[in-house]
Amino acid sequence: MDSLGQFEQIVLTAILALEDNAYGVTVHAKVEDLSRPKKATRGAVYATLDRMEDKGLISSWLSEPTKERGGRSRRHYRIEKSGAKALRDSARTAQRLIETIAQNLGGLAWKPPG
Amino acid sequence: MEAARLSEPPDWLERIVLLAIPPAARESVAGDLWETCRSPRQYAVEALQTVPFVIASQVRRNLNLPAIMLQGALIFIFLGGSVTLILLPVLMLRSAYQQTTRPSPRHAIREASLLSAGAVALLLLIMSVRSPFPIRAGVDHFTWLNLFLLGLLLSPFLCIFRAGLILQGDRCAAACPSELPKEELARRYRSFLSGALCRNVLEALALAGVAVGGFIFAWNTLLVGLFGVAAVYVLLDVTPRAIPPDDDFISLRACYRQGLARQQQLRRFLRWLWFTPVLLALQARLAVNGLETGRPLAGLLDCVAAAILCFLVAALNREHGGRVQEEIGLLDRVREKIAS
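Within each chain, residues carry numbers counting from 1 in the order of the written sequence. Each chain gets a letter, beginning with A, and each ligand a number, beginning with 1, in the order they are written. Reporting of local features is limited, given that this is a predicted model, to residues whose pLDDT is at least 70; pairs of side-chain atoms are given and counted only at 80 or more, and all residues count toward the totals for whole chains, interfaces and linings.

## Observations concerning the overall build of chain A
Put simply, DSSP marks the helices as runs of H or I at least four residues long and the strands as runs of E at least two long, and each gets a number from the N terminus on. Looking only at helices and strands, chain A has four helices and two strands in total. Ordering the α and β elements of chain A from the N terminus gives α-α-α-β-β-α. Overall, the C-alpha framework of chain A stretches about 55 × 30 × 20 Å when taken along its three principal axes. Evaluated residue by residue, chain A yields a buried proportion of 37% over its 114 residues. The contacts of chain A with a sequence gap of at least 6 include a subset with a gap of at least 24, amounting to 46%. Residues are called buried when their C-beta atom has 20 or more other C-beta atoms within 10 Å, exposed when it has 12 or fewer, and partly exposed otherwise; all C-beta atoms are positioned from the backbone. For the purpose of contact definition, each residue receives a C-beta atom placed from its backbone, and two residues are in contact when these atoms lie within 7 Å.

## Quick look at the overall build of chain B
The helix and strand inventory of chain B stands at 11 helices and two strands. In chain B, the order of α-helices and β-strands from amino to carboxyl end is α-α-α-α-α-α-α-β-α-α-α-α-β. Put simply, chain B has 340 residues, and 29% of those count as buried.

## Let's talk about the domain arrangement of chain B
All names here are of chain B. The domain boundaries assigned to chain B delineate domain 1 (11-60), domain 2 (63-97) and domain 3 (98-336). Domain borders in the structure are assigned automatically or taken from a domain database. Of note, the centres of domain 1 and domain 2, computed from C-alpha atoms alone, are 27 Å apart. Across the contact, six residues belong to domain 1 and five residues belong to domain 2. Top element by residues in the side of domain 1 that touches domain 2 is helix α3 (residues 40-62). It accounts for four residues. Under the scheme applied, nonpolar residues are Ala, Val, Leu, Ile, Met, Phe, Trp, Tyr, Cys and Pro; charged residues are Asp, Glu, Lys and Arg; polar residues are all the others, including Gly. By residue class, the composition of the side of domain 1 that touches domain 2 is four nonpolar, one polar and one charged.

## Topic: the nonpolar core
Residues A:Val11, A:Ile15, A:Val27 and B:Leu33 are the most contacted members of the largest nonpolar core, which totals 35 residues. Those elements that place two or more of their residues in this core are α1 (6-18), α2 (24-34), α3 (42-54) and β2 (75-79) of chain A together with α2 (23-35) and α3 of chain B. Per-element tally for this core: the top contributor is α2(B), with six residues. Each nonpolar core comprises buried Ala, Val, Leu, Ile, Met, Phe, Trp, Tyr and Cys residues, the members being joined through C-beta atoms within 7 Å. Counting 17 residues, the second largest nonpolar core, distinct from the first, contains B:Ala67, B:Phe227, B:Ala230 and B:Trp272.

## Comments concerning the interface of chain B and chain A
Each partner contributes residues to the interface: chain B has 27 residues there, and chain A has 24 residues. Listing elements by their share of the side of chain B that touches chain A, those giving two or more residues are α2, α3, α10 (249-288) and α11 (296-333) of chain B. Classifying every residue of the side of chain B that touches chain A gives 10 nonpolar, seven polar and 10 charged.

## So, the packing of α1(A) against α2(A)
Residue and element names in this part refer to chain A. Working convention: axes come from line fits to C-alpha atoms, limited for helices to the stretch in contact. Angles between N-to-C directions cover 0 to 180 degrees. It is at 9 Å that the axes of α1 and α2 come closest, and there the two elements cross at 120°. Relative to α2, α1 is oriented so that their crossing is right-handed. Facing Ile 10, Val 11, Thr 13, Ala 14, Ile 15, Ala 17 and Leu 18 of α1, the residues of α2 in contact are Thr 26, Val 27, Lys 30, Val 31 and Leu 34. For any helix crossing, the convention is left-handed if the near helix is rotated counterclockwise from the far helix by under a right angle, and right-handed if that rotation is clockwise.

## So, the environment of B:Glu46
Among the secondary structure elements, B:Glu46 is positioned in helix α3. It is 13 Å that separates the C-alpha atoms of B:Glu46 and B:Ile21, two residues lying 25 residues apart in sequence. Those residues within four positions of B:Glu46 in sequence are excluded, and the remaining contacts are A:Arg42, B:Leu33 and B:Thr36.

## Examining the packing of α1(A) against helix α4 (residues 81-105) of chain A
All names here are of chain A. Where α1 meets α4, the closest approach of the two axes is 10 Å, and the angle between their N-to-C directions is 120°. One finds that α1 runs oblique with respect to α4. Handedness of the α1/α4 crossing: left-handed. Residues Gln 9, Leu 12, Thr 13 and Leu 16 of α1 touch α4, and the partners they reach there are Gly 83, Leu 87 and Ser 90. Of the residues belonging to the contact of α1 with α4, the class tally is three nonpolar, four polar and no charged. Relative orientations are named as follows: roughly parallel for angles under 35 degrees, roughly antiparallel for angles over 145 degrees, roughly perpendicular for angles from 65 to 115 degrees, and oblique for any other angle.

## Section: the pairing of β2(A)
For a regular strand, side-chain orientation follows a simple rule: the groups alternate between the two sheet faces. Residues and elements named next belong to chain A. With respect to burial, β2 is a largely interior element, four of its five residues being buried. Strand pairing is assigned whenever DSSP detects at least two bridges linking the two strands. For strand β1 (residues 58-62) and β2, the ladder comprises five bridges, and the chain directions are antiparallel. Paired with Ser 59 across the two strands is Arg 78, which belongs to β2.

## Section: helix α4 (residues 65-79) of chain B
All names here are of chain B. Compared with the 21 Å implied by 1.5 Å per residue over 15 residues, the 20 Å span of α4 between its first and last C-alpha is a close match. Of all the positions in α4, only Ala 67, Leu 70, Gln 71 and Phe 78 are classed as buried. Along the long axis of α4, the arc covered by the buried residues comes to 95°, so they all point the same way. Multiply 1.5 Å by the residue count of a helix minus one, and that product is the helix's expected span. An arc is given here, and it is the one of the directions from the helix axis to the C-beta atoms.

Put into structure tokens, the structure is as follows:
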């Protein structure tokens, strides 16, 4: 399986964090929150969601139409098993990066978040 | 987390945005834009930033490379390089904007009439200015008149054909309840997989048969090679896919949707491929019997026959594609029925 790009990792993490409430608006808001101080356009989020769905990393479905959305449905997203596995692999790589950076830059100069 | 919606977008602006969003993403993207609308200006800016990405994504998703390459080659052979360069992006955009439903017979009749009238007008315009076709300028008035008459006579035929296809499609339209048990979804998916497998094997054998026949009878080498490669391409797709036993309803539905979309792309390419030898034969005849060579009517009829064939393939693809998209739309909305 292809490794995930950075933006894909962020979008997948957003879907994971949002659980049952992952749809366009909320995913975009969570992605903006996770990728601070960088800005992410909603269009880029949609394109990434489509690409990951084609790769089988996530799946989507439409909800019932609601009045708050002008009578339109939400497209909800959920991580699939292959998506969860890819995200875990990415997290392991990120963990190794954090440890290596911390070792070389020293604890005083830079501290990994959390 | 959710941005508060303080206003609704103006109707005219919403209509423009709805037109710009490809139909497959229209429902969700337009809903998201509506939900976060704070002012008409913010809505317009947000739409301008979002829609190009959505269009690009839909172009990528619907890009049927084998079909586009084949269509590009046919356009190149018939109309030349410059027209191909203009038409290829149009074809790619058209696939991104493919409808998620089949048109009504009324809409189809209007479309067919406009298309045939437009085609005749365009052909006349191109031929009277500077023709990129094998048919060159210098065609007499009698031929122009025949062209007009043929166009007029063919319009009702094309309308009836198009409307007939839709009515036929209505009879085998997909039916899907709003709730479905997982077992029933799995049964439908298995039935779809076995149907697709059977059809692909038969079509691959037919393609291989044509390739072998072409080789024996020394047809155009490129065409024989194309059918051979297509047979292998279809055979690669026939590997039976087992349904993972631990898949839940949502994963199963995602697999089903992907399978449907993939088969639609394959069928679209194959429909064009089956008609390619006839189109190439017509082009070869046109190159010999150009309208200026003393047999203008023969050339004219070849032109019209090629146009009708292209219309037929496009109409078949449109009907089948619409039916598959309808089925995907129904699957998108179906809920799991939990046995009580």
